[in-house]
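One letter stands for each residue in the lines below.
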Amino acid sequence: QVQLVESGGGLVQPGGSLRLSCTYSGRSFSIIFMAWYRKTPGNQRELVAQISSGGATTYPDSMKGRFAISRDAAKNTLYLQMNNLQPEDTAVYYCFNRGVGSEAWGQGTQVTVSS
């Protein structure tokens, strides 16, 4: 069973930064790729950033420049560095894992950008 636990969300002013963390575990855990998604009320989840098992990163055009995904294998932790946050970045952010024969989501962490 794979477990993903996000942390690091909170309230930040426009222009501020946050770093989200996702700690992963599980006897059957494997990585094809991991990703961060976000969701706002009434909308579908949208991809924020993706990282392959080999460390290659992918960002949708709308996310390039302000978001950076990384992974520390020794700490079993996935990160999302978010800079110059704006009110439209307010959402619940989810960690996602695609492994061999499995998919898993974290419970989400709320990020609110407001003055």
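The paragraphs below set out a description of the structure included in this document. (Residues numbered from 1 in each chain as written. Predicted model: local features only at pLDDT ≥ 70, side-chain atom pairs only at ≥ 80, totals over all residues. Heavy atoms only, no water.)

Within the structure shown, the criterion is met by one disulfide. Covalently, Cys22 is tied to Cys95 through a disulfide, its sulfur atoms 2.1 Å apart. Taking the sign of the S-S torsion, about -75° here, the bridge from Cys22 to Cys95 comes out left-handed. Residue Cys22 is located in strand β3 (residues 18-25), and its partner Cys95 is located in strand β9 (residues 91-99); the two are separated by 73 residues in the primary sequence. (Disulfide = S-S within 2.5 Å. Helix = DSSP H or I, 4+ residues; strand = E, 2+ residues; numbered from the N terminus.)

Read across the open sheet, the four strands follow the order β1-β3-β8-β7; overall the sheet is antiparallel. Looking along the sheet, the strands with just one partner apiece sit at the ends: β1 (3-7) and β7 (67-72). Neighbour to neighbour, the strand axes of the sheet diverge by 15° on average, direction disregarded. As defined by bridge partners, β7 adjoins strand β8 (residues 77-82) across six bridges and the pair is classed as antiparallel. Bridging from a neighbouring strand, Ala68 pairs with Gln81 of β8. (Pairing = 2+ DSSP bridges. Axes fitted to C-alpha atoms, helices over the stretch in contact; angles between N-to-C directions.)

Attention now moves to the packing of aromatic side chains. Scanning the entire structure with this criterion turns up six aromatic pairs. Taking the centre distance of 4.6 Å and the plane angle of 50° together, the rings of Phe96 and Trp105 count as tilted. Trp105 gets classed as partly exposed once you look at its relative accessible area, which sits at 35%. Members of the aromatic cluster, joined through ring pairs, are Phe33, Tyr37, Tyr94, Phe96 and Trp105. Arg45 extends its terminal NZ or CZ atom over the ring of Tyr94, reaching a point 4.1 Å from the ring centre. The ring of Trp105 carries the charged tip of Arg45 above its face, separated from the ring centre by 4.0 Å. (Phe/Tyr/Trp six-rings, centres within 6.5 Å; stacked < 30°, edge-to-face > 60°. Buried < 20%, exposed > 50% of the residue type's maximum accessible area, 1.4 Å probe, protein only. Lys NZ or Arg CZ within 6 Å of the ring centre and 35° of its normal.)

Here the focus is the pairing of β3. Pairing geometry for β1 and β3, over five bridges, is antiparallel. The partner of Glu6 across the bridge, within β3, is Cys22. Judged from the six bridges that link them, β3 and β8 form a sheet pairing that is antiparallel. Bridge assignment links Ser21 to a residue of β8, and that residue is Tyr79.

By themselves, these are just geometric observations and shouldn't be taken as functional.
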